[in-house]
Amino acid sequence: MIKALWNKKTFQRIFLNQMMGTLAISDSNIVDIGGGDKNSSYHTLLSKKGNQFISIDMTKNCDYKIDLENAELPFSDNSVEVVFCFNVLEHIFNYQHLLDEVYRVLKKDGHFYLYVPFLMNKHSDPYDYFRYTDTALIKLFEATGFKYLKLQCSFGSAKSVHSSISWLIGNSRFSLFGNVLNVLSGIICYCFDKILDYFDSTRVLNRRFLLGVFIECRK
């Protein structure tokens, strides 16, 4: 965690990386929606397990550049084993089209992994439309036809404050000072949330601050 904070990562990003470390995926072709140029830490981690990534994005630094709002994914029906979609759905206004396309291309029993942030600053890639709760995602996925398997949430009132601090630091010109400040503030916020989670009365309050949702579904 300290290494990630030193590199100015938010707790949302740390949580996503932790979830990726738990995935038992090997020797698979993974369609990564929003994967860009495939330089994220999870690409490195899962590539070591013999996985190959096919990046679908709206940027030119990817394998297939398409309009995720309206275009079909460049795969035939029931042909894909695994689909990733991380930090993307909140930027897609026509989200049901994208979910339908993922369902179409997945093989029977194929897996769909998705992560969305919740308490996070408004950010444009190129637009920022939605924030999804865990209950909303379950309803969306089940309505599309997916079988909901597992859901993990990241919580924390202090961690939510740190997200704003981390964003400000990330845009600061003072690199070394920013790294130190991100680590110190991150440790303080992490410990504060741990204390809140220790007591029954404050745990309920702390869990109202949803940082992000990671969900696994199957066709």
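Residues numbered from 1 in each chain as written. Predicted model: local features only at pLDDT ≥ 70, side-chain atom pairs only at ≥ 80, totals over all residues. Heavy atoms only, no water.

Novice: Hey, could you run me through the overall build of the protein in this one?
Specialist: Within the protein, the regular secondary structure consists of eight helices and seven strands. The C-alpha radius of gyration computed for the protein amounts to 18 Å, which stays within 12% of the reference 17 Å derived for 219 residues, consistent with globular compactness. Taking the principal axes of its C-alpha atoms as reference, the protein extends roughly 50 × 40 × 35 Å. Considering the protein as a whole, with its 219 residues, one finds that 45% of them fall into the buried category. Within the protein, residue pairs in contact and separated by at least 24 positions form 73% of the contacts whose partners lie at least 6 positions apart. In the structure as shown, the protein presents an accessible area of about 11,500 Å², 56% of it carried by carbon and sulfur atoms. Of note, the protein has its 25 positive side-chain charges centred 7 Å away from the centre of its 22 negative side-chain charges. (Helix = DSSP H or I, 4+ residues; strand = E, 2+ residues; numbered from the N terminus. Rg over C-alpha atoms; globule rule 2.2 N^0.38 Å. Buried < 20%, exposed > 50% of the residue type's maximum accessible area, 1.4 Å probe, protein only. Contact = heavy atoms within 4.5 Å. Areas by Shrake-Rupley, 256 points an atom, 1.4 Å probe, with all protein chains shown as cover. Lys, Arg positive; Asp, Glu negative; His and termini not counted. Charge placed at Lys NZ, Arg CZ, Asp CG, Glu CD.)

Novice: Honestly, the nonpolar core in this entry has me stumped. Any pointers?
Specialist: The tendency in soluble globular proteins is for nonpolar side chains to be buried as a group. Counting 33 residues, the largest nonpolar core has Ile 33, Phe 112 and Phe 141 as its most contacted members. Secondary structure elements with two or more residues in this core: strand 1 (29-33), strand 4 (80-86), helix 4 (95-105), strand 5 (106-117), helix 5 (134-144), strand 6 (147-155) and strand 7 (210-218). Setting aside residues no more than four positions away along its own chain, Phe 141 makes contact with Leu 99, Phe 112, Leu 114, Phe 146, Ile 215 and Cys 217. Core analysis: the next-biggest nonpolar cluster, separate from the first, contains 16 residues, Met 19, Ile 25, Ile 30 and Phe 86 among them. (Core = buried A, V, L, I, M, F, W, Y, C linked by side-chain atoms within 4.5 Å.)

Novice: Please clarify how the environment of Ile 215 should be interpreted in this entry.
Specialist: Tracing the backbone through its elements, the reader meets Ile 215 in strand 7. When its relative accessible area of 0% is taken as the criterion, Ile 215 is described as buried.

Novice: Explain the pairing of strand 1 here, please?
Specialist: In summary, the side chains of a regular strand alternate between the two faces of the sheet. Burial within strand 1 is extensive, with four of its five residues counted as buried. In this structure, strand 1 lies alongside strand 2 (residues 52-57), joined through five bridges in parallel fashion. The residue bridging Val 31 from the neighbouring strand is Ile 54, located in strand 2. Traced from strand 1 through helix 3 (residues 41-47) to strand 2, the parallel crossover comes out right-handed. Relative to strand 4, strand 1 runs parallel, the two sharing four bridges. Of the residues in strand 4, the one forming a bridge with Asp 32 is Phe 84. (Pairing = 2+ DSSP bridges. Right-handed = clockwise from strand over helix to strand, strands pointing away.)

Novice: Looking at this structure, I do not really get the sheet that holds strand 3 (residues 64-65). What am I missing?
Specialist: Consider a sheet: its strands pair through backbone hydrogen bonds, and that pairing is either parallel or antiparallel. Read across the sheet, seven strands follow the order 3-2-1-4-5-7-6 without closing on themselves; strand pairing throughout is mixed. The open sheet terminates on both sides in strands that have one partner only, identified here as strand 3 and strand 6. Contacting strand 5, strand 6 and strand 7, helix 5 runs over the sheet at an angle of about 25° to strand 7. (Axes fitted to C-alpha atoms, helices over the stretch in contact; angles between N-to-C directions.)

Novice: Sorry if this is basic, but what is going on with the side chain of His 97 here?
Specialist: For His 97, the location among the structural elements is in helix 4. Judged by its relative accessible area of 19%, His 97 is buried. Non-local contacts of His 97, meaning those with residues more than four positions away in its chain, are made with Leu 68, Glu 69, Asn 70, Ala 71 and Glu 72.

Novice: Sorry if this is basic, but what is going on with the side chain of Arg 104 here?
Specialist: Relative to the assigned elements, Arg 104 resides in helix 4. Within polar-contact distance, the side chain of Arg 104 engages the backbone oxygen of Leu 73 at 3.1 Å. Reaching out from Arg 104, the side chain makes a polar contact with the backbone oxygen of Phe 75 at a distance of 3.0 Å. Contact partners of Arg 104, with chain neighbours within four places excluded, come to Glu 72, Leu 73, Phe 75, Ser 76, Asp 77, Asn 78 and Lys 219. (Polar contact = N/O pair within 3.5 Å; in protein donor to acceptor, adjacent residues only side chain to side chain.)

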